[in-house]
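What the coordinates show
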Amino acid sequence: MLELDIEQFWVDEETAHEDNCFSKNSKQVALGIRMSNECVFAELGEEGEPWGYTAPERRAELNKRYNEKALKIVGRKLLNESLPQKRKYSFPNYREIGEVFGGKYVFDGVTTWLQGSLHGEKELEKKLDEIEKMNLREFILPADWDEKCRIMYEEYGEKPRDFTDIRGPVTLATSVFGTEDLIFLLYDNPELARRFADTISNVVIGYYDIFQVESGCINDENHRFSFRDDNCALLSPELYEQFGYPILKKIFDHCTPKPADWRYQHSDSAMEHLLPILARLNLSACNFGPTVTVDKIRKYMKNTRIDGALAPFTFMSNDEEKIIAEVKRDCEAARVDDIRGLNLSTAGSINNGTMLTSMRAVMAAIQNYGRY
């Protein structure tokens with residue numbers, strides 16, 4: 001096990017995130033890992049469903065016990081211990097993007113999945129016709145939206161959240177239309193595929209514009225937009241150039257047109273083949289799959305913060321030797337030409353079974369191998 005000066009680590013961590021982790025004042029690689037609520041069960045030897053429902057009172061109790069352990073192992077509390085405020089009122093639900101395209105969000109007891117209903121080109125074309133004629137605001141917002149939002153503002157001084165993140169566009173398209181059907185469509189009917197992509201762009205921009213007004217964020221100086229698109233890896237560069245890239249480009253150009261605006265892409269899949277295309281979007285930060293390592297990303301994206309690239313399964317294995325080896329690899333890549341910009345994180349979710357001792361191993365590896 002590597003030596004770790006915990007107090008010095010957190011002192012150096014304070015400046016590591018400056019300038020989007022590119023600051024020349026930073027002493028070491030930034031740490032993006034703060035664990036997750038899912039990890040309490042294995043750490044504490046407690047039964048529970050990491051991705052399912054945990055009563056607020058039990059959640060607060062588990063997190064408090066976890067934080068007591070975290071203080072001893074990594075020197076900081078990591079999880080929220082507070083109970084959510086009990087309220088008489090709440091914002092009403094609205095229809096999500098998948099529903100615009102005829103899909104349904106189904107909870108399987110653990111998590112929620114978008115299930116599509118479109119089969120074949122004729123059904124897709126019919127749905128696109130419907131969407132083009134749709135009053136999007138009337139479709140997605142319930143009839144009592146304005147009244148309930150007024151109450152929320154009067155009671156709690158809150159407005160609805162803005163809309164700056166989607167799961168897609170390839171993931172969205174494969175969910176509502178089917179993976180094989182989308183790929184066949186791109187080859188067999190590129191004109192309809194282009195119309196499908198245009199409609200996705202227009203719907204997302206419609207959501208963004210509606211909630212910029214509803215949230216009161218429309219006059220903010222800086223804006224942001226993020227994509228979570230695991231399924232982008234399924235498309236070849238040619239097909240992604242045809243379908244995925246135009247959607248991101250159009251949405252970023254509309255929602256985040258200024259250099260200081262925030263543009264983000266997450267895809268915890270093997271999508272290295274898409275890096276040259278994504279690089280043209282001038283991403284502010286990215287989080288890609290564990291095979292898409294820092295050196296590969298930096299070849300194309302010199303100014304993009306990299307959130308990664310520790311494999312979640314390596315982290316969850318709690319094999320300190322393997323964890324240190326991967327962190328060392330990425331720290332060394334971040335120091336090439338003194339580019340920096342690494343926010344040492346997992347290339348995907350942090351799962352139950354990942355122990356606090358593994359986080360400590362990451363910290364030690366950064367302190368020993370990630371000094372600038």
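See above for the structure.
Attention here is on the structure that accompanies the text.

**Some words on the overall build of the chain**
The number of helices and strands found in the chain is 18 helices and nine strands. Taken against the 2.2 N^0.38 rule, which gives 21 Å for 372 residues, the C-alpha radius of gyration of the chain at 22 Å falls within 12% of a compact globule. Overall, the chain is about 65 × 50 × 40 Å in size when its C-alpha atoms are taken along their principal axes. Relative to its full complement of 372 residues, the chain shows a buried share of 49%. Restricting the contact set of the chain to residue pairs at least 6 apart, pairs at least 24 apart contribute 70%. When the 47 basic and 62 acidic side-chain charges of the chain are each reduced to a single mean position, those positions are 2 Å apart.

**Here's the deal with the nonpolar core**
Counting residues in hydrophobic clusters, the biggest one holds 101 residues, and the most contacted among them are Phe 101, Phe 196, Tyr 240, Phe 243, Phe 288, Met 359 and Val 362. The dominant element in this core, judged by the number of residues it contributes, is helix H11 (residues 190–215), at 12 residues. Among all residues touching Phe 196, those that are not within four sequence positions of it are Phe 101, Leu 124, Leu 128, Ala 173, Val 176, Phe 177, Leu 182, Leu 185 and Phe 243.

**Topic: the packing of aromatic side chains**
Counted according to the given criterion, the structure contains 14 aromatic pairs. For the pair Phe 227 and Phe 252, a centre-to-centre distance of 5.2 Å together with 90° between the ring planes defines the contact as edge-to-face. Of the two residues, Phe 227 is situated in strand S5 (residues 224–228) and Phe 252 in helix H13 (residues 244–255); the sequence distance between them amounts to 25 residues. Residue Phe 252 is classed as buried on the basis of its relative accessible area of 3%. An aromatic cluster is present here, built from Tyr 94, Trp 145, Phe 163, Tyr 207 and Phe 211 joined pairwise through their rings. Directly above the ring of Tyr 156 sits Arg 87, whose terminal nitrogen or CZ lies 4.3 Å from the centroid. Lying over the aromatic face of Phe 139, Arg 95 brings its terminal NZ or CZ to 4.3 Å of the ring centre.

**Examining helix H9 (residues 170–177)**
With seven of eight residues buried, H9 is to be regarded as a mostly interior element. Looking one or two residues past H9, Gly 178 carries a phi angle of roughly 105°, positive in sign.

**Structural notes on the layout of surface pockets**
Taken as a whole, the largest pocket holds about 1200 Å³ of empty space. Taken together, 37 residues make up the lining of the largest pocket; nearest its centre are Glu 96, Tyr 105, Asp 165, Arg 167 and Arg 228. Residues that form the lining of the largest pocket fall into these classes: 16 nonpolar, 10 polar and 11 charged. Looking at the second largest pocket, its volume works out to about 180 Å³. Lining the second largest pocket are Trp 51, Phe 107, Val 110, Thr 111 and Thr 112. Partitioned by chemical class, the residues of the lining of the second largest pocket number three nonpolar, two polar and no charged.

**Topic: the pattern of salt bridges**
Scanning the model with the defined rule gives 26 salt bridges in all. Where Glu 43 meets Lys 69, a salt bridge forms, and the shortest distance between an N and an O atom there is 3.0 Å. Here Lys 69 lies in helix H4 (residues 56–73) and Glu 43 lies in helix H3 (residues 40–44), a separation of 26 residues in the sequence. Taking relative accessible area as the criterion, Glu 43 reaches 7% and is therefore assigned buried. In this structure Lys 69 comes out as partly exposed when scored by relative accessible area, which is 31%. Put simply, Arg 280 and Glu 241 hold a salt bridge, and the shortest N to O gap is 2.6 Å. Placement of the pair is Arg 280 in the loop between helix H14 (275–278) and strand S7 (285–288) and Glu 241 in helix H12 (residues 237–242), with a sequence separation of 39 residues. Assessed through its relative accessible area of 39%, Arg 280 is described here as partly exposed. By sharing partners, the salt bridges in this structure join Glu 46, Arg 58, Glu 61 and Arg 65 into a single network.

Here is what the cut-offs are and how they apply
- Residues numbered from 1 in each chain as written.
- Predicted model: local features only at pLDDT ≥ 70, side-chain atom pairs only at ≥ 80, totals over all residues.
- Heavy atoms only, no water.
- Helix = DSSP H or I, 4+ residues; strand = E, 2+ residues; numbered from the N terminus.
- Rg over C-alpha atoms; globule rule 2.2 N^0.38 Å.
- Buried < 20%, exposed > 50% of the residue type's maximum accessible area, 1.4 Å probe, protein only.
- Contact = heavy atoms within 4.5 Å.
- Lys, Arg positive; Asp, Glu negative; His and termini not counted.
- Charge placed at Lys NZ, Arg CZ, Asp CG, Glu CD.
- Core = buried A, V, L, I, M, F, W, Y, C linked by side-chain atoms within 4.5 Å.
- Phe/Tyr/Trp six-rings, centres within 6.5 Å; stacked < 30°, edge-to-face > 60°.
- Lys NZ or Arg CZ within 6 Å of the ring centre and 35° of its normal.
- 1 Å grid on protein atoms, 1.4 Å probe; cavity = no way out; pocket = protein on both sides within 12 Å on 5 of 7 lines; lining within 4 Å.
- Points joined across faces, edges and corners; volume = space filled by probe spheres on them.
- Nonpolar A, V, L, I, M, F, W, Y, C, P; charged D, E, K, R; others polar.
- Salt bridge = Lys/Arg side-chain N within 4 Å of Asp/Glu carboxyl O.

None of the figures reported here should be taken as evidence of function without further support.
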